[in-house]
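# Chain and residue survey
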Amino acid sequence: MSKLETSLIHEGEQFNTTNSVVAPIYQTSTYFADEDIASFAHAATAPKYPEFYHRHGNPTNSQVAAVIARLEKTEDALVLATGMAAISTAMLAAVQAGDHVIIQYAHYSAVLMFAREFLQQYGVEVSHVDQTDNAAFEKAIRPNTKLIYIETPSNPNLDITDLEFIGKLGRDKGIMTMIDNTFASPINQTPTDYGIDVVVHSATKYLGGHSDLTAGAICGTKDFVEKAWRRSLVLGASLSPFDSWLLLRGLKTLALRVRQINENALTLAQWLTKQPLIQKVNYVGLPSHPQHELAKKQMHGFTGMLCIEVAGDNDAVQFERAQHILNNLNVFSNAVSLGGVESLIAHPASMWGASQTEEQRKKSDITTGLLRISVGIEHIDDLIADFEQAFKKI
Ligand SMILES: *Cc1c(COP(=O)(O)O)cnc(C)c1O
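Below: a short report on this structure. (Residues numbered from 1 in each chain as written. Predicted model: local features only at pLDDT ≥ 70, side-chain atom pairs only at ≥ 80, totals over all residues. Heavy atoms only, no water.)

The pairing of strands in a sheet comes from backbone hydrogen bonds and takes either a parallel or an antiparallel form. Strand order in this open sheet of seven strands is β1-β7-β6-β5-β4-β2-β3, and the pairing throughout is mixed. Whereas interior strands pair on both sides, the edge strands pair on one side only; in this sheet they are β1 (76-80) and β3 (125-129). The average undirected angle you get between the axes of adjacent strands in this sheet is 20 degrees. Packing of helix α7 (residues 163-173) onto the sheet brings it into contact with β4 (145-151) and β5 (176-180), and relative to β4 it is tilted by some 170 degrees. (Pairing = 2+ DSSP bridges. Helix = DSSP H or I, 4+ residues; strand = E, 2+ residues; numbered from the N terminus. Axes fitted to C-alpha atoms, helices over the stretch in contact; angles between N-to-C directions. Contact = heavy atoms within 4.5 Å.)

Okay, structure coming up:
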């Protein structure tokens, strides 16, 4: 197997059957059948067949999936239209009515909605646990537990789940383990090294890396990916040819981007800890993070995601200052999403105002003064200078 940086450029090239160095965009919904009916029948039924009908597969989707499977060290992968398409399809491939799923309190908000409003309505039991408490996962296991679903570092508070513990727990108890590896990216964290079975991604974020597409990925054994593919045939969230092509292009620089982002984020986090207007900096790369040692053990880098809490005696002051900072930053754009080359900043308490109750928000520590930052690859001096001038205006 080639080194990761080489795989990012060359993995899956066999799916480009033309002579072009860069794979063309296969902008087509359907493909000419081979002469004989037997091969047509094969194309119609073979999993992820790249040249039959778009919902079944597409050559670029196969090439991208090969790259992502290599990154996550899994047998196979399936790419879909969004991260949520990947997550919901993967979960529906893992459980059915009567089964029980263990998930965390802190997850990407649409995942919490999926668990609360969808899985339970369709007869799947769901238990939430504190991800920082290993024993809680074990205690939550029931005879019908079929899936442990984790996210680490979690969105937005960057809590860490112990991968080695979860991987082992799943193996010992014969329960499938699945992780949302979006925040870390495969450059910073390889969950299959710890025995995690399935890795899902919002490829909209670091994998794509340029905030110009939405995509998702499911990585696992050949059998599981095939099962997920069968679900995707009826759920129908296929990744479009152009978005797939953009994702393939973005992936080529993943290692370079993520390393630069890691470096920028650490420097920015260290600088922010010294600012009187910021009362807390939450970054897994800082020794002040309560789970820094665990992060050091299971991650190769600490990501571009950090949260800061604006100082203030009460909610109203914090809110006003947070608003002021957001308005005055110029290099950082106030926008949702993350993982792109450009730095973004968002206010989680308002971002999820509609999808979470006050109590759920408190449970996941989303305070009024909290700002979530996704650090990009701009020059670090400009990122720091941007905060400096915004602070001066308060
Ligand atoms: C964005 C995100 C998702 C959802 O991905 P989409 O591409 O927006 O559907 C899931 N999990 C995490 C951690 C995310 O950041």
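Turning our attention to the packing of aromatic side chains. In the structure shown here, the tally under the stated rule is seven aromatic pairs. Measuring from ring centre to ring centre gives 4.7 Å for F118 and Y122, while their planes differ by 15 degrees; the resulting arrangement is stacked. Taking the relative accessible area as the measure of exposure, F118 reaches 32% and is therefore partly exposed. Summarising the aromatic geometry, the rings of F332 and F387 are spaced 4.9 Å apart at their centres and angled 65 degrees between planes, so their arrangement reads as edge-to-face. With F332 in the loop between α13 (315-328) and β10 (333-334) and F387 in helix α16 (residues 380-392), the pair connects residues that are 55 residues apart, well separated along the chain. Grouping residues by exposure puts F332 and F387 together as buried. Three or more aromatic residues joined by ring pairs make a cluster, and in this case those are W271, F332, F387 and F391. (Phe/Tyr/Trp six-rings, centres within 6.5 Å; stacked < 30°, edge-to-face > 60°. Buried < 20%, exposed > 50% of the residue type's maximum accessible area, 1.4 Å probe, protein only.)

So, on to empty space enclosed by the protein. All chains considered together, the criterion is met by one cavity of 30 Å³ or more. Put simply, the largest cavity is a space of about 130 Å³. Together, 17 residues line the largest cavity, and H56, G57, N61, L78 and V79 are the ones closest to its centre. Sort the elements by how many residues they give to the lining of the largest cavity and β1 lands first, with four residues. Residues of the lining of the largest cavity, tallied by class, amount to seven nonpolar, eight polar and two charged. (1 Å grid on protein atoms, 1.4 Å probe; cavity = no way out; pocket = protein on both sides within 12 Å on 5 of 7 lines; lining within 4 Å. Points joined across faces, edges and corners; volume = space filled by probe spheres on them. Nonpolar A, V, L, I, M, F, W, Y, C, P; charged D, E, K, R; others polar.)

Bringing the sheet that holds β10 into the picture now. Read from one edge to the other, the open sheet built from five strands follows the order β8-β9-β12-β11-β10, with strand pairing classed as mixed. Of all the strands in the sheet, the pair left with one neighbour each is β8 (278-282) and β10. Across three bridges, strand β11 (residues 344-346) lies against strand β12 (residues 370-374) in antiparallel orientation. Across the sheet, residue A346 finds its bridge partner in β12, namely R372. Lying on the sheet, α13 is in contact with β8, β9 (305-310), β10, β11 and β12; it crosses β9 at an angle near 130 degrees.

Let's shift gears to the site of the ligand. Taken together, 14 residues sit near the ligand, with G83, M84, D180, T204 and K205 positioned nearest. Take G83: an N or O atom from its main chain is 2.8 Å from an oxygen atom of the ligand. Between the ligand and the protein, one listed contact pairs an oxygen atom with a backbone N or O atom of M84 at 2.8 Å. Protein coverage of the free-state accessible area of the ligand, which is 380 Å², stands at 92%. In terms of residues, the shell around the ligand owes the most to one element, helix α4 (residues 83-94), which gives three residues. Along the lines of polarity and charge, the residues of the shell around the ligand split into six nonpolar, five polar and three charged. (Near = heavy atom within 4 Å. Polar contact = N/O pair within 3.5 Å; in protein donor to acceptor, adjacent residues only side chain to side chain. Areas by Shrake-Rupley, 256 points an atom, 1.4 Å probe, with all protein chains shown as cover.)

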